[in-house]
Amino acid sequence: MLIALTAIDKPGALELRKANREAHVAYLKASGVVQQAGPFLSNTGEMCGSLIILDVEDMEAAQAFAAGDPYGKAGLFESVELRHWNRVIG
């Protein structure tokens with residue numbers, strides 16, 4: 001099941017993002033469930049959120065993934081949303 005995880009950073013949290021980026025990327029790579037991932041960018045080109053496409057068994061697995069993300073544990077996100085996603089192209 002494909003799940004789109006979208007997360008928006010808290011305002012002014014760029015330094016918190018940078019401080020936890022290495023752990024976050026390592027977590028994504030080690031998970032075995034990330035299909036695609038990358039940051040959202042502000043109009044000035046600064047990272048300000050995340051889009052991660054997960055391939056998991058069920059929504060509970062997606063929720064567990066989100067709960068284990070170092071960014072989430074660090075309190076980076078203002079909001080996190082998990083939605084079923086259907087790949088049509090690609």
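**Details of the overall build of the protein chain**
Right, on to step 1. When its secondary structure is counted, the protein chain shows three helices and four strands.
Right, on to step 2. In sequence order, the protein chain lays out its α and β elements as β-α-β-β-α-α-β.
Right, on to step 3. The C-alpha radius of gyration computed for the protein chain amounts to 13 Å, which stays within 12% of the reference 12 Å derived for 90 residues, consistent with globular compactness.
Right, on to step 4. Along the first, second and third principal axes, the C-alpha set of the protein chain runs to 35 × 25 × 20 Å.
Right, on to step 5. Of all 90 residues assigned to the protein chain, the portion counted as buried reaches 33%.
Right, on to step 6. For the protein chain, the proportion of contacts with a sequence separation of at least 24, taken over those separated by at least 6, is 70%.
Right, on to step 7. Counting every atom, the protein chain has about 5,500 Å² of accessible surface; 53% of that belongs to carbon and sulfur.
Right, on to step 8. Averaged over its 8 positive side-chain charges, the protein chain has a centre that lies 5 Å from the centre of its 11 negative ones.

**Some remarks on the nonpolar core**
Right, on to step 1. With 16 residues, the main nonpolar core has Ile3, Leu5, Ile52, Leu54, Val56, Ala62 and Phe65 as its most contacted residues.
Right, on to step 2. Contributions of two or more residues to this core are made by β1 (2-9), β3 (47-55) and α2 (59-68).
Right, on to step 3. Counting residues per element, this core draws most heavily on α2, which supplies four residues.
Right, on to step 4. Leave out the neighbours within four places in its chain, and Phe65 touches Leu5, Tyr27, Leu28, Ser31, Val33, Val34, Ile52 and Leu54.

**Quick look at the pairing of β3**
Right, on to step 1. In terms of strand pairing, β1 meets β3 through seven bridges, oriented antiparallel. Bridge pairing links Leu2 to Asp55 in β3.
Right, on to step 2. Note that strand β2 (residues 34-41) and β3 share seven bridges and pair antiparallel. Directly across from Val34, in β3, lies its bridge partner Leu54.
Right, on to step 3. In sequence, β2 turns back onto β3 through a hairpin of five residues, with Gly45 there showing a positive phi of about 90°.

**With respect to the sheet that holds strand β4 (residues 77-84)**
By definition, the strands of a sheet pair up through backbone hydrogen bonds, in either a parallel or an antiparallel sense.
Right, on to step 1. One open sheet accounts for four strands, arranged β2-β3-β1-β4; its pairing is antiparallel. The sheet terminates laterally at β2 and β4, the two strands that pair on one side only. Ignoring which end each strand starts from, the neighbouring axes of this sheet average 15° apart.
Right, on to step 2. Sheet strands in contact with helix α1 (residues 14-31) are β1, β2, β3 and β4, and its direction is about 10° off that of β3.

**Details of the side chain of Asp69**
Right, on to step 1. Looking at where Asp69 falls in the secondary structure, it is placed in the loop between α2 and α3 (70-73).
Right, on to step 2. Of the side chains with opposite charge, Arg17 lies nearest to the buried Asp69, which makes no salt bridge, at 8.0 Å.
Right, on to step 3. Polar contacts involving the side chain of Asp69 include one to the main-chain amide nitrogen of Tyr71, which spans 2.9 Å.
Right, on to step 4. Residues in contact with Asp69, not counting those within four places in the same chain, are His24, Tyr27, Ile52 and Phe77.

Cut-offs used in this document
Residues numbered from 1 in each chain as written. Predicted model: local features only at pLDDT ≥ 70, side-chain atom pairs only at ≥ 80, totals over all residues. Heavy atoms only, no water. Helix = DSSP H or I, 4+ residues; strand = E, 2+ residues; numbered from the N terminus. Rg over C-alpha atoms; globule rule 2.2 N^0.38 Å. Buried < 20%, exposed > 50% of the residue type's maximum accessible area, 1.4 Å probe, protein only. Contact = heavy atoms within 4.5 Å. Areas by Shrake-Rupley, 256 points an atom, 1.4 Å probe, with all protein chains shown as cover. Lys, Arg positive; Asp, Glu negative; His and termini not counted. Charge placed at Lys NZ, Arg CZ, Asp CG, Glu CD. Core = buried A, V, L, I, M, F, W, Y, C linked by side-chain atoms within 4.5 Å. Pairing = 2+ DSSP bridges. Axes fitted to C-alpha atoms, helices over the stretch in contact; angles between N-to-C directions. Salt bridge = Lys/Arg side-chain N within 4 Å of Asp/Glu carboxyl O. Polar contact = N/O pair within 3.5 Å; in protein donor to acceptor, adjacent residues only side chain to side chain.

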